[in-house]
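So the chains spell out like this:
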Amino acid sequence: MNMSESTQLVPITVSVNGKTCQRQVEPRLLLVEFIRETLGLTGTHIGCDTSFCGACTVIVDGDAVKSCTMLAVQADGSEILTVEGLERDGVLHPLQQAFSSNHGLQCGYCTPGMLMSSLALLADNPNPTRKDIRKQLAGNICRCTGYQNIIKSIEAAASAMQED
Ligand code: FES
Ligand code: FES
């Protein structure tokens, strides 16, 4: 028996950006691989193999989760939001708009993870202090910006979202 014959697939059902997705997956498949390779949603990035960088952050049932630290089978039954789900009808989410307006990105590799971590923060704490923002982003690494404009972007998004 070869390896592929011995691998049993497991059925999972998840909601991703509001759409129900049913797939058969290998038990060892990481959630980030499921999102990128099975579903083709490549906005979620992989920036390390040590669970350190946060580029893979998505929202699972309301919590920011590093999707390289979770198996796809563990997400069975969950509601997942990826960066592709932020925009609505061609209109950027206030966080995306604020990152754009405040130069909160350079190469953009970390940005999907930054956006999703920030989204979770603002859901819990609509008016965060700079300390709150820094604490939330402790697990998200950016090698370009020096973080100042990311923090400004999140503050601007928080203001914009409170005005809505
Ligand atoms: S890919 Fe770096 S923390 Fe997940
Ligand atoms: S903008 Fe390049 S890693 Fe953050």
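Report follows, based on the coordinates.

## Some details on the pairing of strand β4 (residues 63–66)
When a strand is regular, its side chains alternate between the sheet's two faces.
1) Next: Across four bridges, the pairing between strand β3 (residues 57–60) and β4 is antiparallel. Bridge pairing links Val60 to Asp63 in β4.
2) Next: Linking β3 back to β4 in an antiparallel pair, the connection comprises two residues, with Asp61 at a positive phi of about 50°.

## Points about helix α3 (residues 94–101)
1) Next: Within the sequence span of α3, burial applies to Leu95, Gln96, Ala98 and Phe99. The buried residues of α3 occupy an angular sector of 165° when projected down its axis, which confines them to one face.
2) Next: Considering only its buried residues, α3 is in contact with α4 (111–124) and α6 (148–163).
3) Next: Just beyond α3, the residue with positive phi is His103, at close to 55°.

## A look at the nonpolar core
1) Next: Core analysis: the largest hydrophobic core is formed by 22 residues, its most contacted members being Leu95, Phe99, Met114, Ile150 and Ile154.
2) Next: Those elements that provide at least two residues to this core are α3, α4 and α6.
3) Next: Counting residues per element, this core draws most heavily on α4, which supplies seven residues.
4) Next: Apart from the residues lying within four places of it in its own chain, the contact partners of Ile154 are Leu95, Phe99, Ser118, Leu122, Ile133 and Leu137.
5) Next: Membership of the second largest hydrophobic core comes to 18 residues, among which are Phe34, Ile35, Ala72 and Ile80.

## Comments concerning the pattern of salt bridges
1) Next: For the structure shown, the criterion picks out two salt bridges.
2) Next: Close ionic contact of Arg28 with Glu26 constitutes a salt bridge, the shortest N to O distance being 2.7 Å.
3) Next: Residue classification places Arg28 among the exposed residues on the basis of a relative accessible area of 62%.
4) Next: Here Glu155 makes a salt bridge to Arg130, at a shortest N to O gap of 2.8 Å. Linking Glu155 in helix α6 with Arg130 in helix α5 (residues 130–136), this pair joins segments that are 25 residues apart in sequence.
5) Next: The exposure class of Glu155 is partly exposed, given its relative accessible area of 26%.

## Let's talk about the sheet that holds strand β5 (residues 79–81)
1) Next: The sheet built from five strands is open, its strands ordered β2-β1-β5-β3-β4 with mixed pairing. With one partner strand each, in any of the chains shown, β2 (19–25) and β4 form the two edges of the open sheet. Here the strands of the sheet are splayed against their neighbours by 40° on average, with no regard to which way each runs.
2) Next: The sheet contact formed by strand β1 (residues 10–16) and β5 spans two bridges and is parallel. Its bridge partner being in β5, Ser15 is matched across the sheet by Glu79.

Criteria and thresholds
- Residues numbered from 1 in each chain as written.
- Chains lettered and ligands numbered in written order.
- Predicted model: local features only at pLDDT ≥ 70, side-chain atom pairs only at ≥ 80, totals over all residues.
- Heavy atoms only, no water.
- Pairing = 2+ DSSP bridges.
- Helix = DSSP H or I, 4+ residues; strand = E, 2+ residues; numbered from the N terminus.
- Buried < 20%, exposed > 50% of the residue type's maximum accessible area, 1.4 Å probe, protein only.
- Arc of directions from axis to C-beta.
- Contact = heavy atoms within 4.5 Å.
- Core = buried A, V, L, I, M, F, W, Y, C linked by side-chain atoms within 4.5 Å.
- Salt bridge = Lys/Arg side-chain N within 4 Å of Asp/Glu carboxyl O.
- Axes fitted to C-alpha atoms, helices over the stretch in contact; angles between N-to-C directions.

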